[in-house]
Amino acid sequence: MRFSRSTTCPGSRNSADLPAAGGRTIVLGLLLGLVAAAPVHGADDFTFELHELTKKTHEIGGFVEIDGEHMEIREDGAASLLNFRDDPVSTLDRMTVGLQLHGSSTWQSASINWLGKGIAAQDDLGWSDSLDLYEGYATLRPSAEINAAIGKKSYKWGKGYAWNPVGFINRTKDPNNPEEALEGYVAAEAEWIKSRPGDLQNIALTAAIVPVWNDVNEDFGNEDHLNLAAKLYLLYLDTDIDILAFTGDSRTTRFGVDLSRNISSNFEIHGEVAWFADMPRTILRSDGGLRRETGDRTSLLAGIRYLTSFDLTTIIEYYHNGIGYSEAEMERFFHLVDEARDLYLTSGAASLYDLAGQMSTQGYGRPYAGRDYLYARLSLKEPFDILYFTPALTTIINLHDRSFSITPEMAYTGFTNWELLLRLALLNGPDSSDYGEKQNSGRLELRVRYFF
Amino acid sequence: MKRVVLACVLMLLPLVWAPPAPALDGTAILLQVDRKMQPESYEMYRKLINVEPDGKTKEYVLYTVKKGQDKMVALFLSPASEKGRATLRLGDNMWLYIPNVGKPIRITSLQSVIGGVFNNSDILNLDYSVEYTVQNIKEDGDRYHLELKARNATVAYDSLKMEVDSKTMLPLTIECHAASGMLIKTLRYSKIEDFGDGIVRPSMLETDSPLHKGYKSVMIFARLASKEFADEIFTLNYLPRVEELR
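An unreviewed UniProt entry annotates chain A as Porin originating from Desulfoprunum benzoelyticum.

Each helix and strand counted, chain A has four helices and 20 strands in total. On C-alpha atoms alone, chain A measures out to a radius of gyration of 25 Å, which is about the 22 Å that the 2.2 N^0.38 rule sets for 452 residues. Viewed in the frame of its principal axes, chain A has a C-alpha envelope of about 80 × 55 × 40 Å. Relative to its 452 residues, chain A shows a buried fraction of 51%. Taking the intrachain contacts of chain A between residues at least 6 apart in sequence as the baseline, contacts between residues at least 24 apart amount to 55%. Accessible surface, chain A: about 20700 Å² in total, of which carbon and sulfur atoms supply 58%.

For the structure shown, the criterion picks out 50 salt bridges over all chains. The residue B:Arg241 makes a salt bridge to A:Glu191 at a minimum N-O spacing of 3.2 Å. Placement of B:Arg241 in the segment after strand S13 (216-226) and of A:Glu191 in strand S8 (residues 185-195) is noted, with the two residues assigned to different chains. No difference in accessibility class separates B:Arg241 from A:Glu191, as the two residues are buried. Here B:Glu59 ties to B:Lys47 by a salt bridge, and the two come within 3.3 Å at their closest N and O atoms. Linking B:Glu59 in strand S2 (residues 57-67) with B:Lys47 in strand S1 (residues 42-51), this pair joins segments that are 12 residues apart in sequence. Put simply, A:Glu69, A:Arg94, A:Asp123, A:Arg377, A:Glu409, A:Arg423, A:Arg443 and A:Glu445 are held in one network by salt bridges that share partners.

This paragraph deals with the nonpolar core. In globular proteins that are soluble, nonpolar side chains generally tend to be buried together. Counting 74 residues, the largest nonpolar core has A:Trp163, B:Leu48, B:Ile123, B:Leu146, B:Leu160, B:Met162 and B:Ile174 as the members making the most contacts within it. Ignoring sequence-local partners within four residues, the contact set of B:Leu48 consists of B:Lys58, B:Glu59, B:Tyr60, B:Leu62, B:Ile114, B:Phe118, B:Ile123, B:Val218 and B:Met219. One finds A:Ala204, B:Ala222, B:Phe234 and B:Leu239 within the second-largest nonpolar core, a separate group that totals 34 residues.

Rules used in this analysis
- Residues numbered from 1 in each chain as written.
- Chains lettered and ligands numbered in written order.
- Predicted model: local features only at pLDDT ≥ 70, side-chain atom pairs only at ≥ 80, totals over all residues.
- Heavy atoms only, no water.
- Helix = DSSP H or I, 4+ residues; strand = E, 2+ residues; numbered from the N terminus.
- Rg over C-alpha atoms; globule rule 2.2 N^0.38 Å.
- Buried < 20%, exposed > 50% of the residue type's maximum accessible area, 1.4 Å probe, protein only.
- Contact = heavy atoms within 4.5 Å.
- Areas by Shrake-Rupley, 256 points an atom, 1.4 Å probe, with all protein chains shown as cover.
- Salt bridge = Lys/Arg side-chain N within 4 Å of Asp/Glu carboxyl O.
- Core = buried A, V, L, I, M, F, W, Y, C linked by side-chain atoms within 4.5 Å.

So this is what it looks like as structure tokens:
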């Protein structure tokens, strides 16, 4: 069945514009050459068929990907010394094949949703694989205003692109891949939504109970506790405002506020503030001992997104990590790793390595362990009339030690359901600096995804 | 004789001294155009097709619902790489929900969630009378020529020049201009169809831009029907569940 007549769109071929098409071909050749060109639309008629609109009770989709990486290893960096203590490497090549599947089944006001990912990787060090259920939950919606869910679900609270200090039950995302799916936590959730006229247009209250038991959310925090996280969303005077809270014995109590607002048709601002009560921190003292201190901490994020007339989107974010380490504290840790290497090489004793490894897992080794960072991403939409081609440049700078990562990339989505990404990440900084001590000094990545 | 002359003068008077024609009410005409194009609250399906200079195409299918003057949601049904993405508009506010990202992010009207000539404001277009005021109107045969001015800075185009068929009260072409006066794109409506329930309107919209020579985008409309929705559907929290409205 056809809903509209077969329609003809004359003039879609124009030999005068062949140089633009030639430019596209060159870029595609540079990008890959792995994918055969999509068929050209022979006749200029466009139709709408019934099967395109039919809703299915059970749906399944996802993508397969191949990801090739070449990494230049900074052999004397702290992370490399801890990770490759006995078998140092100077380069590392890895090929990863992944399959991400998601599905849903819907019956009137109830549904079941799931998301899983399987990965198999082969690199110079060996084979690894994993199969994880990221999400699997059931929802019930007695009305448009009320929604309840139970199961494993991923939470993405906060307005920031790179970081979310108010993401109290979020998994930490990778600022270089902020759109990747993340594993959720088992939770029971209830949500109430109200829309109304006036300055306060929308109100939504979300409350989630997050248990931590043996084999349930073990990596969330202290076991055998029920935790409560809540978010009150307001759309007030065209501004998104979230007020967030977390309480429970698996993690310390914390409160937060975030907001986002469009200033004009091409300018957006956003921000987050989070307050952590009695937040513990393990610190390496100057005499080599450990000190565990507890105190209230505040983290914040402020960001903008700006679109120029020539389609350059700029995202800039400043992040203050209230539980992060100062430049001096980070230096002390890096010196400890150097001393651990010297001791290990001269005597074979690994005691300092063990201490450094312990410090790394307790905070110094986590991503963005420093105190103040700047994130900037510039992406240009379809330059030179190359449709679906987006070059971008992302940089993250540790504002205290001036070390940084810079990541140019090219993405192409012109073949229906294919996504091609070529990315180079360079990490640099002086000795004993955040990015100067990372495992990689450079990383080249080529990723091909096919969606179905 | 005098009476005859007086009668003739009185009969001829309207011919030589006709009262002025009533002035055209541009606002009323724009409101008529809006109501002819779609009911205030409705659901519909759209196919967006980007056409490249070499004839290569890429298609997107969207399910769209709208309520009142300023509430609208569009959900991508295909291709698979875009499926599940949803955009919400509440007045001047716009958000994009990407399933993997899992949270709505604010977008602006001049951005484009797809490639091609259509931007977000073309995909989430409210009634013209909501976003623009009529600054000038002229009648030329069976055409009205309206000059529209954006009501505020968050509207994507600073001004529009709209050509309307005075018999059907349907738009024919719309030129979209930046504040500098530069022509950003031209929209052309065609293929008038009967969608049922008295909705007779163009089923196709083509657009091209001097900024993207040789490229064009096409929008085909289907299953446009009047329908009422709860206000709560047009909220960030409902975006992951828009599919359930179909």
